[in-house]
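Residue-level listing of the chains:
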Amino acid sequence: MRIGELARRTGVSERSLRYYEQQGLLAADRTPGGQREYPEQAVDRVIRIQELFAAGLHSRKVARLLPCMRDADGGPSEIATPLLATELAAERDRINGMIAQLANSRDVLDDVIDAASEHRRREARADGP
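These numbers come from a predicted model, not from an experiment.

### Points about the confidence of the model for the chain
Argument step 1. Confidence along the chain averages 87 in pLDDT terms, with 91% of residues attaining 70 or more.
Argument step 2. When the elements of the chain are averaged for pLDDT, helix 4 (residues 59-65) gives the smallest value, 86, and helix 1 (residues 3-10) the largest, 96.

### With respect to helix 1
Argument step 1. Residues of helix 1 that are buried: Ile 3, Leu 6, Ala 7 and Thr 10. The buried side chains of helix 1 occupy one side of the element, clustering within an arc of 100 degrees when seen end-on.
Argument step 2. Where helix 1 is buried, its residues touch helix 2 (14-22), strand 2 (36-37) and helix 3 (42-54).
Argument step 3. Positive phi shows up at Gly 11, right after helix 1, with a value of about 75 degrees.

### Here we look at the environment of Leu 65
Argument step 1. Inspection of the secondary structure puts Leu 65 in helix 4.
Argument step 2. The class of Leu 65 is buried, set by a relative accessible area of 5%.
Argument step 3. In sequence terms Leu 65 and Ala 80 are 15 residues apart; their C-alpha atoms lie 8.1 Å from each other.
Argument step 4. Dropping the residues within four chain positions of it, Leu 65 is found in contact with Leu 52, Leu 57, Leu 84 and Leu 88.

### Considerations on the packing of aromatic side chains
Argument step 1. Taken as a whole and judged by the stated rule, the model has two aromatic pairs.
Argument step 2. Residues Tyr 20 and Phe 53 carry aromatic rings whose centres are separated by 5.7 Å and whose planes lie at 50 degrees to one another, so their mutual orientation is tilted. Highlighted residues: Tyr 20 in helix 2 and Phe 53 in helix 3, separated in sequence by 33 residues.
Argument step 3. When its relative accessible area of 24% is taken as the criterion, Phe 53 is described as partly exposed.
Argument step 4. Grouped by ring-pair contacts, the aromatic residues Tyr 19, Tyr 20 and Phe 53 constitute a single cluster.

### Looking at the side chain of Thr 31
Argument step 1. The residue Thr 31 is located in the loop between strand 1 (29-30) and strand 2 in this model.
Argument step 2. Here Thr 31 is in contact with Arg 2 and Glu 37, once residues within four sequence places are set aside.

### Considering the environment of Ala 115
Argument step 1. Summarising the element assignment, Ala 115 is placed in helix 5 (residues 82-126).
Argument step 2. By relative accessible area, which is 44% here, Ala 115 ends up partly exposed.
Argument step 3. Between the C-alpha atoms of Ala 115 and Arg 2, which are 113 residues apart in sequence, the distance is 55 Å.

### Digging into the packing of helix 1 against helix 3
Relative placement of two packed helices is described by the angle separating their axes and the distance separating the axes.
Argument step 1. In contact at an axis separation of 10 Å, helix 1 and helix 3 are set at 55 degrees when each is read in the N-to-C sense. Comparing their axes, helix 3 and helix 1 come out oblique. In this structure, the crossing between helix 1 and helix 3 has a hand that is right-handed. Along the contact surface, helix 1 presents Leu 6, Arg 9 and Thr 10, while helix 3 presents Ala 42, Val 43 and Val 46.

The rules behind these values
- Residues numbered from 1 in each chain as written.
- Predicted model: local features only at pLDDT ≥ 70, side-chain atom pairs only at ≥ 80, totals over all residues.
- Heavy atoms only, no water.
- pLDDT = per-residue confidence, 0-100.
- Helix = DSSP H or I, 4+ residues; strand = E, 2+ residues; numbered from the N terminus.
- Buried < 20%, exposed > 50% of the residue type's maximum accessible area, 1.4 Å probe, protein only.
- Arc of directions from axis to C-beta.
- Contact = heavy atoms within 4.5 Å.
- Phe/Tyr/Trp six-rings, centres within 6.5 Å; stacked < 30°, edge-to-face > 60°.
- Axes fitted to C-alpha atoms, helices over the stretch in contact; angles between N-to-C directions.
- Parallel < 35°, antiparallel > 145°, perpendicular 65-115°, else oblique.
- Left-handed = near helix turned anticlockwise from the far one by under 90°.

Okay, here's the thing in structure tokens:
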């Protein structure tokens, strides 16, 4: 498939797909006219890349991780190494820390919203008939 179709099917811009190729994350064959041709598996690969970027991994780490994952289901391949597992555990811990910080921020916002709502109810009762 051509780059435009891959972009449409994955929701990723053509510019991003070219960047993935430059970073060694995605491979394309070239037609005699020089246009990129991607295999069907590229859809799963791009989705996997997006998931890893969304998790906060940078392109160098994604490039190291992708060969250790199967594209179709994202499961581990046989070449995953203990060192990579250690690095990924650290990334997981970082993500868990971010989740905890976000949950704390959400709790603070909930408290402020509750306090503001209570204040509004008291004002409404005071202004009542």
